Amino acid sequence: MVAGGLVLGLAPVAGLAALAGMALVGAGPEAFTVAGLAVFASVLFLGLLLCVPRPRAAWARWLRAAAVLGVEAAVVWQVSAVTLHPPAAPPAPAGVAGQREWRLPTGSRLAYVRIAPGRVTRPDPVIFLHGGPGVGDLEGDAAFYGRLASAGYEVYVYDQLGAGRSARLADPRGYGLTRDVADLEAIRRTLREERLTLVARDHGAQLAAAYLAAHPGHVSRAVLYSPAGLSPARSPSRTAFSAIPLGAAGLPHPRTLALSALLRVDPETAHAFAGDRELDAHLALLRHRPSCPARPPGPGQGGYVALAGRAAPASLRADLTRVKVPVLVVKGACDAEPWSEATAYRRALPEARLAYVGDGVPAGRTDAYFAVLRTFLTDGRLNAYEGDGPPPGYRGPVRAAGS
């Protein structure tokens, strides 16, 4: 009985190992799924046989075998049904007011919204870079940052490649910081602007930093709210496993277990097994501390972008020390990103200053933050926060994991 229980416990592990192994050698979704289910069924059958004592009478042994096969068939039928058949994916997000599309020389097709005053009086248009990676809110961000048009700015808000309403890649390995920087430079060239004003949020700050390091002469000012990305990157596979939800009774859903195994082995194969909309529906891309009010993500988040990760090059910090661009780093009381990330940016960038805007709902879209943002962009004035540690009342994380 004990041996049978151990073998039963190994059945899903063996099935997932077979599925991942077949995916590694290039088998298609049908082949690796059938192989995984076959190994699962074989180990399950052996475990069930070991759990049921072997009777002496021949007829009883046949009855035992038939009962075991019946139980196995019922289990495999249920597992195969939920593994092979994807759930109904949510529809693609509807367009928002004023939505347009850039078709860039990089091959990317990016959805964006332009907000401009009747007469543009400020040089260097504002480009907003959302975070995540892959967590955009085109409508909400356009409404908030579009208020800078009242100061004479031309404002552009866009969904990065693989997120929101922008195009997705068939091979998720094509996502990454290099591609995002190339897209941002292509946007600048498309707009025919010599310099840009960058405003970024959480992992969008990493994109802004990488662009600053590569093209410092093309940025006039930058504002980084709750920045992330200079500390060691989180493991994409760990993120994938922790983000995939559990099914009934707190047990992992067979299809999401299979998807988690494939994401560790080969993102392209995982993409063939479960498309963008399915993964978008599975992943909770925003993490908030319980003590802080949550800002729900917008529709159509980029699951494969998030799991691909966007690791910064090892040279980024050193490259930033040579950037002579005014940068404002902003922290609120309930930010999801650690305080240590903000001070890391302040130390790396020679002309960076830090501002603290306190509490507010929703975090990152408060009037207090907008007032600091507008003041810094229009005349550079700022009451800087000089401390290395967070002030009293700060409720977000303090240090990045592993630092």
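Heads up: these notes are all about the structure in this document. (Residues numbered from 1 in each chain as written. Predicted model: local features only at pLDDT ≥ 70, side-chain atom pairs only at ≥ 80, totals over all residues. Heavy atoms only, no water.)

1. Quick notes on the overall build of the protein chain
A count of helical and extended segments in the protein chain gives 14 helices and 8 strands. A burial count over the protein chain gives 51% of its 403 residues as buried. Sequence-distant contacts in the protein chain: of pairs separated by 6 or more residues, those separated by 24 or more amount to 77%. Taken as a whole, the protein chain presents about 18100 Å² of accessible surface, with 60% of it coming from carbon and sulfur. (Helix = DSSP H or I, 4+ residues; strand = E, 2+ residues; numbered from the N terminus. Buried < 20%, exposed > 50% of the residue type's maximum accessible area, 1.4 Å probe, protein only. Contact = heavy atoms within 4.5 Å. Areas by Shrake-Rupley, 256 points an atom, 1.4 Å probe, with all protein chains shown as cover.)

2. Here's the deal with the packing of helix α5 (residues 177-191) against helix α6 (residues 203-214)
Put simply, α5 and α6 touch, their axes get as near as 10 Å, and they point 70° apart. Between α5 and α6, the interaxial angle falls into the category roughly perpendicular. For the pair α5 and α6, the crossing hand works out as right-handed. Together, L177, D180, V181, L184, E185 and R188 of α5 and Q206, L207, A210, Y211 and A214 of α6 make up the contact between the two elements. Tallied by class, residues from the contact of α5 with α6 come to 7 nonpolar, 1 polar and 3 charged. (Axes fitted to C-alpha atoms, helices over the stretch in contact; angles between N-to-C directions. Parallel < 35°, antiparallel > 145°, perpendicular 65-115°, else oblique. Left-handed = near helix turned anticlockwise from the far one by under 90°. Nonpolar A, V, L, I, M, F, W, Y, C, P; charged D, E, K, R; others polar.)

3. Let's talk about helix α4 (residues 138-145)
Buried residues dominate α4, accounting for 6 of its 8 residues. For α4, every residue scored as buried is listed here: L138, G140, D141, A142, F144 and Y145. In this structure, the buried side of α4 is in contact with β1 (99-103), β2 (109-115), β3 (126-129), β4 (155-158), β5 (196-201) and α14 (367-379).

4. Focus on the nonpolar core
The tendency in soluble globular proteins is for nonpolar side chains to be buried as a group. Membership of the largest hydrophobic core comes to 57 residues, with the highest contact counts inside it found for W102, I127, Y158, L198, L212, L320 and L349. Considering each element in turn, this core owes the most residues, 7 residues, to α6. Leaving out residues up to four positions away in the same chain, L212 has contacts with V219, A222, L320, V323, V325, V327 and L349. (Core = buried A, V, L, I, M, F, W, Y, C linked by side-chain atoms within 4.5 Å.)

5. Things to note about the pairing of strand β7 (residues 327-331)
Among the 5 residues of β7, 5 are classified as buried, and the element is accordingly described as predominantly covered. Burial along β7 is two-sided: the residues V327, V329 and K331 and L328 and V330 are all buried. In the sheet, strand β6 (residues 219-225) pairs with β7 via 4 bridges, with the strands oriented parallel. What sits directly across from A222, in β7, is V327. (Pairing = 2+ DSSP bridges.)

6. A few points about the pattern of salt bridges
Two side chains with opposite charge may pair up if their charged atoms get near one another. Counted by the stated rule, this structure contains 17 salt bridges. Among the ionic pairs, R365 bridges to D137, the shortest N-O distance being 3.0 Å. With a gap of 228 residues between them, R365 in the loop between β8 (352-356) and α14 and D137 in the loop between β3 and α4 connect regions that are remote in the sequence. Relative accessible area serves as the criterion here: at 14%, D137 is assigned to the buried category. A salt bridge links R346 to D388, with the nearest nitrogen and oxygen atoms 3.0 Å apart. Taken together, the positions of R346 in helix α13 (residues 339-348) and D388 in the segment after α14 put the pair 42 residues apart, joining distant regions of the chain. (Salt bridge = Lys/Arg side-chain N within 4 Å of Asp/Glu carboxyl O.)

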